[in-house]
Every structure is written in C-alpha cells, then in structure tokens.
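Descriptive structure summary
If you want the building blocks of each chain, they are given just below.
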Amino acid sequence: MSGAMRQPGTLVLVVGGSGVGKDTVIRGARLHLADVPCFVFPSRYITRPIDASEDHVPVTLAQFDDLQARGAFAVHWSAHAMRYGVPVSIDQDLAAQKIVVCNVSRSVIEAARDLYLRTAVVEVQASRPRRASRLAARNRESAEDVAARLVRDAKTITHANYVVENNGAPVSAVQSFVRILMTIAQ
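Since we're looking at a predicted model, the values are computed, not measured.

With that out of the way, let us pick up the sheet that holds strand β4 (residues 56-58). The strand order across the open sheet formed by four strands is β4-β3-β6-β5, and the pairing between neighbours is mixed. At either margin of the open sheet sits one strand with a lone partner, and together these are β4 and β5 (73-79). Sheet twist, expressed as the mean angle between neighbouring strand axes with direction ignored, is 25°. In the sheet, strand β3 (residues 44-46) pairs with β4 via three bridges, with the strands oriented parallel. Across the sheet, residue isoleucine 46 finds its bridge partner in β4, namely proline 58.

Moving on, we get to the nonpolar core. One broad rule of soluble globular proteins: the nonpolar side chains tend to lie buried together. Core analysis: the largest hydrophobic core is formed by 23 residues, its most contacted members being Val12, Val14, Phe41, Val101, Val164, Phe177 and Leu181. When residues of this core are traced back to their parent elements, those giving at least two are β1 (10-15), α1 (22-32), β7 (99-103), β8 (119-125) and α7 (170-185). Sorting elements by how many residues they give to this core places α7 first, with seven residues. Contacts of phenylalanine 41, omitting those with residues within four sequence positions, involve Ile26, Ala29, Arg30, Leu33, Val101 and Leu181.

What follows covers the sheet that holds β8. Here we have five strands laid out as an open sheet, ordered β2-β7-β1-β8-β9, and parallel in their pairing. Two strands lie at the open edges of the sheet, namely β2 (39-40) and β9 (162-165), each paired on one side alone. Relative to the sheet, α7 contacts β1, β2, β7, β8 and β9, its axis offset from that of β9 by approximately 160°.

Here we take up the packing of aromatic side chains. Summed over all chains, the structure comprises three aromatic pairs. Seen from their ring centres, phenylalanine 64 and phenylalanine 73 are 4.6 Å apart, and the 25° between their planes marks the pair as stacked. The interplanar angle of 0° and the centroid separation of 5.4 Å between the aromatic rings of tryptophan 77 and tyrosine 84 together place this pair among those described as stacked. A residue is classified by how much of its surface remains accessible, and tryptophan 77, at 7% relative accessible area, is buried. Aromatic ring contacts, followed pair by pair, group Tyr45, Phe64 and Phe73 into a single cluster.

The next point concerns the pairing of β7. In terms of burial, β7 is a largely internal element, five of the five residues being buried. Going residue by residue along β7, you find Ile99, Val101 and Asn103 tucked away on one face and Val100 and Cys102 tucked away on the opposite face as well. Pairing geometry for β2 and β7, over two bridges, is parallel. Note on β7: the bridge partner recorded for valine 40 is valine 100.

Conventions and cut-offs
- In this numbering scheme, every chain counts its residues from 1 along its sequence in written order.
- Local features in this predicted model are restricted to residues of pLDDT 70 or higher, and side-chain atom pairs are both shown and tallied only at a pLDDT of 80 or more, whereas totals for entire chains, interfaces and linings draw on every residue.
- Based on all heavy atoms of the structure, the side-chain values leave hydrogens and waters out of the count.
- When DSSP finds two or more bridges between a pair of strands, those strands are recorded as paired.
- Only runs of H or I of at least four residues qualify as helices and only runs of E of at least two qualify as strands under DSSP, and these elements are numbered from the N terminus.
- Lines fitted to C-alpha atoms define the axes here, with helix axes fitted over just the stretch in contact, and angles between the N-to-C directions of these axes take values from 0 to 180 degrees.
- The term nonpolar core refers to a set of buried residues drawn from Ala, Val, Leu, Ile, Met, Phe, Trp, Tyr and Cys, joined through side-chain atoms within 4.5 Å.
- Throughout, exposure labels follow a simple rule: accessible area from a 1.4 Å probe, protein chains only, divided by the maximum for the residue type, with under 20% read as buried, over 50% as exposed, and the rest as partly exposed.
- The contact criterion used throughout is that any non-hydrogen atoms of two residues lie within 4.5 Å.
- A pair of aromatic rings is counted whenever rings of Phe, Tyr or Trp (Trp by its six-membered ring) have centres within 6.5 Å, and the orientation is called stacked for planes under 30 degrees apart, edge-to-face for over 60 and tilted otherwise.

Written out as structure tokens, the structure reads:
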C-alpha cells in the first residue's frame, strides 16, 4: 500500500463475489463514459494470463514481486492462488481530481479507506444461481472450487455505499453503475 493520501478525487472500489459481473459492469461504464475526462479505469496487474473475461495486465509472480518491492501498487492482495495489484498511478489521477474506478477484493476495503480520504464502495450483486452459471462458463475452476467460492462469498460483509444488482441484462446493471458514478462525480 502506498502512503496515506489527502487527494481531492474519489477512489471508487468495485467489489462483489466471484461471478457477479464486476468486470462486465466496469467495462460497460468505461465505454459509456469514454468521453468524460474525470473518470479513470486503471487496469489491475494479475499473475494470470490474459483472457477475454477480464481486462488486466498479466505478469508473472516474479514480475509482481519486483513491482511490489518497487512500490508500483497503491493496493495489492492475494486471492485464489493469484496476486492482484492496482497501479500507484492512481495517486496522480486522484490528485488531479479524477474519479478512479477499480475492481478490488473486499479484503482491501478498510485499508483503502484508511489510505484514501475520499473512497466510495460499490458492491455488485447477483443471485447464487446466476453466479454459479457465470463461474462455470469461465471454465477456470472445477465445480468444487466454484461451490467453495459461492459459500465463502456468502459470508463476506462489505459495508458498501452503493449496490448494483446484476441479475438481468448487463445493460441494466451498467446503467445503474453509470448513474452511481455520475452521482459520485457531483
């Protein structure tokens, strides 16, 4: 984690259990807000090869460790046998009064709130059957691993400022998320 900030922008932490559609909602909002310069959607660094379901910068574990040692991440965490990091460049965006939208683990919410003066948490939610279907379609994990994720996620509390329901057509969830982001920007 980087040092404590007193930034004039707002850090928006997008959280939710596996398979709720965080990346879909963020990707849709990024496209919708492409011409609105106050919004920044940084790509995470992940120790996983690139795939179509998630926008990220793929790095090896050694590369991740090197980046982390050099202070390249504003926040970072481990989950599902992988490492994730949000680039420290968000500090410059926040200092420039931008709204920085990041897909993060719920495990870093409190630390991010301690580091960044203005932080909003948006939780994306979806029903358990919808999530199970989405996770199975990714074809990254066994059925047992998917079931374990769903059980673990049910026990997590986020204390979100906003909630986006993503059980229907993705366009509805994207519209809801964009409305939230526009409210935050006011």
